[in-house]
Amino acid sequence: MDVAEGLARVRERILAACAKAGRDSASVRLVAVTKTKPLEMVRAAQAAGQTVFGENYAQDLREKADALPGVEWHFIGALQTNKAKLVVGRAALIHTCDRLALAQELSKRAKAAGLTQRVLLEVNVGREPQKAGVLPESVPELLAQVRALPSLACQGLMCIPPAEGDPRPHFRSLRNLGQSLGLPELSMGMTADFEIAIEEGATLVRVGTAIFGERNP
Ligand SMILES: Cc1ncc(COP(=O)(O)O)c(C=O)c1O
């Protein structure tokens with residue numbers, strides 16, 4: 001699969017979804033998900049004008065960010081507290097802050113590094129027991145705790161809706177929650193559903209497969 005071609009197609013689909021929803025396309029940013037993909041593919045996407053990339057594993061983020069320092073990296077995977085130090089400062093935005101202990105560690109590391117770490121709160125919109133994320137009703141409490149910590153800036157919410165069923169109600173509930181809390185960023189939508197997410201207000205869509213092809217297990 002040609003990366004530039006995949007990227008061009010995804011950009012067209014984003015523009016079409018924005019037009020359909022009556023949204024300014026500048027209000028939606030594409031995070032190109034490079035999970036398991038080699039540096040050459042990241043470089044190919046960069047050459048085709050892509051500026052924001054997402055990684056799921058802390059070690060991979062470290063390797064790729066250190067190899068390609070000019071890139072805006074986002075961290076989008078499950079983050080163990082003991083790996084927080086690999087991600088703070090390397091990721092412009094961490095999408096997956098979902099518990100106080102992690103927020104405290106991110107805050108501590110960011111403060112020590114003399115920077116402000118931007119984060120999103122990951123919400124378990126489908127209330128799935130096996131999934132990461134804070135339950136919707138617990139978001140206000142976690143947000144208040146995060147806001148009380150130094151060197152962290154919470155900018156919005158992120159979700160991965162259940163694999164089965166219609167994602168739209170989940171995207172809509174994330175948007176309503178974000179609105180009620182005054183949080184502007186909404187990270188939602190992947191290859192299978194990013195157009196629906198855009199219709200429901202996504203400001204960040206995380207797309208891997210449609211750009212880089214299927215991931216090897
Ligand atoms: C949190 C998250 N967002 C987005 C993606 C990209 O998914 P897709 O390849 O379906 O676009 C992944 C892939 O693993 C992911 O883990």
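The structure this text deals with has already been given above.
Residues numbered from 1 in each chain as written. Predicted model: local features only at pLDDT ≥ 70, side-chain atom pairs only at ≥ 80, totals over all residues. Heavy atoms only, no water.

Novice: Hey, could you run me through the site of the ligand in this one?
Specialist: Lining the immediate surroundings of the ligand are 13 residues, of which Asn 56, Thr 191, Arg 206, Gly 208 and Thr 209 lie closest. Measuring from an oxygen atom of the ligand, one finds a side-chain N or O atom of Asn 56 at 2.7 Å. For the ligand, an oxygen atom lies 2.8 Å from a polar atom in the side chain of Arg 215. Here the ligand loses 89% of its free accessible area of 400 Å² to cover by the protein chains. Its atoms largely coinciding with the cavity grid, the ligand occupies the largest pocket. A per-class count over the shell around the ligand returns 6 nonpolar, 4 polar and 3 charged. (Near = heavy atom within 4 Å. Polar contact = N/O pair within 3.5 Å; in protein donor to acceptor, adjacent residues only side chain to side chain. Areas by Shrake-Rupley, 256 points an atom, 1.4 Å probe, with all protein chains shown as cover. 1 Å grid on protein atoms, 1.4 Å probe; cavity = no way out; pocket = protein on both sides within 12 Å on 5 of 7 lines; lining within 4 Å. Sits in = over half its atoms within 2 Å of the grid points. Nonpolar A, V, L, I, M, F, W, Y, C, P; charged D, E, K, R; others polar.)

Novice: Can you help me understand helix α7 (residues 168-181) in this one?
Specialist: Each α-helix turn comprises 3.6 residues. Residues three or four places apart therefore point the same way. Helix length check: α7, at 14 residues, gives a terminal C-alpha distance of 20 Å against a target of 20 Å (1.5 Å per residue), a fit within 8%. Taken together, the buried positions of α7 are His 170, Phe 171, Leu 174, Leu 177, Gly 178 and Leu 181. One face of α7 carries all of its buried residues, which in axial projection span an arc of 125 degrees. Along α7, exposed side chains directed more than 90 degrees from the buried face belong to Gln 179 and Ser 180. (Helix = DSSP H or I, 4+ residues; strand = E, 2+ residues; numbered from the N terminus. Expected span 1.5 Å × (residues − 1). Buried < 20%, exposed > 50% of the residue type's maximum accessible area, 1.4 Å probe, protein only. Arc of directions from axis to C-beta.)

Novice: Hey, could you run me through the pairing of strand β3 (residues 72-75) in this one?
Specialist: Consecutive residues of a regular strand have side chains that alternate between opposite faces of the sheet. Two strands pair when backbone bridges link them, and strand β2 (residues 52-55) and β3 are joined in this way by 4 bridges, in the parallel orientation. Paired with Gly 54 across the bridge in β3 is His 74. Running through helix α3 (residues 58-67), the crossover from β2 to the neighbouring parallel element β3 is right-handed. Pairing of β3 with strand β4 (residues 93-97) involves 2 bridges; the strand directions are parallel. The partner of Phe 75 across the bridge, within β4, is Ile 94. (Pairing = 2+ DSSP bridges. Right-handed = clockwise from strand over helix to strand, strands pointing away.)

Novice: Quick question: what am I supposed to make of the packing of aromatic side chains here?
Specialist: The geometry of an aromatic ring pair comes down to the distance between the two centres and the angle between the two planes. The final tally for this structure, using the stated rule, is 1 aromatic pair. When the ring of Phe 53 is compared with that of Trp 73, the centres are 5.7 Å apart and the planes differ by 45 degrees; the resulting orientation is tilted. Here Trp 73 lies in strand β3 and Phe 53 lies in strand β2, a separation of 20 residues in the sequence. In this pair, the class of Phe 53 matches that of Trp 73, namely buried. (Phe/Tyr/Trp six-rings, centres within 6.5 Å; stacked < 30°, edge-to-face > 60°.)

Novice: Just to check I follow, could you spell out the side chain of Thr 96 for this structure?
Specialist: Relative to the assigned elements, Thr 96 resides in strand β4. Setting aside its immediate chain neighbours within four residues, Thr 96 contacts Phe 75, Ile 76, Gly 77, Leu 79, Leu 102, Leu 120, Glu 122 and Met 158. (Contact = heavy atoms within 4.5 Å.)

Novice: I'm lost on the environment of Ser 187 in this one. Help?
Specialist: The topology assignment puts Ser 187 in strand β7 (residues 185-187). Once you skip the residues sitting within four places of it in the chain, Ser 187 turns out to touch His 95, Leu 120, Leu 157, Met 158, Cys 159, Leu 174, Leu 204 and Arg 206. Within polar-contact distance, the side chain of Ser 187 engages the side chain of Arg 206 at 2.8 Å.

Novice: What should I look at first to understand the pattern of salt bridges in this one?
Specialist: Enumeration over the complete set of coordinates arrives at 15 salt bridges. In this structure, the salt-bridge partner of Asp 98 is Arg 99, at a minimum N-O distance of 2.9 Å. Residue Arg 99 is classed as partly exposed on the basis of its relative accessible area of 31%. Of the charged contacts in the structure, one is a salt bridge between Arg 168 and Glu 199, with a shortest N-O distance of 3.0 Å. Of this pair, Arg 168 sits in helix α7 while Glu 199 sits in helix α8 (residues 194-199); the two residues are 31 residues apart in sequence, bridging distant segments of the chain. Judged by its relative accessible area of 24%, Arg 168 is partly exposed. Connected through salt bridges with shared partners, the residues Lys 20, Arg 168, Arg 172, Arg 175, Glu 199 and Glu 200 form a single ionic network. (Salt bridge = Lys/Arg side-chain N within 4 Å of Asp/Glu carboxyl O.)

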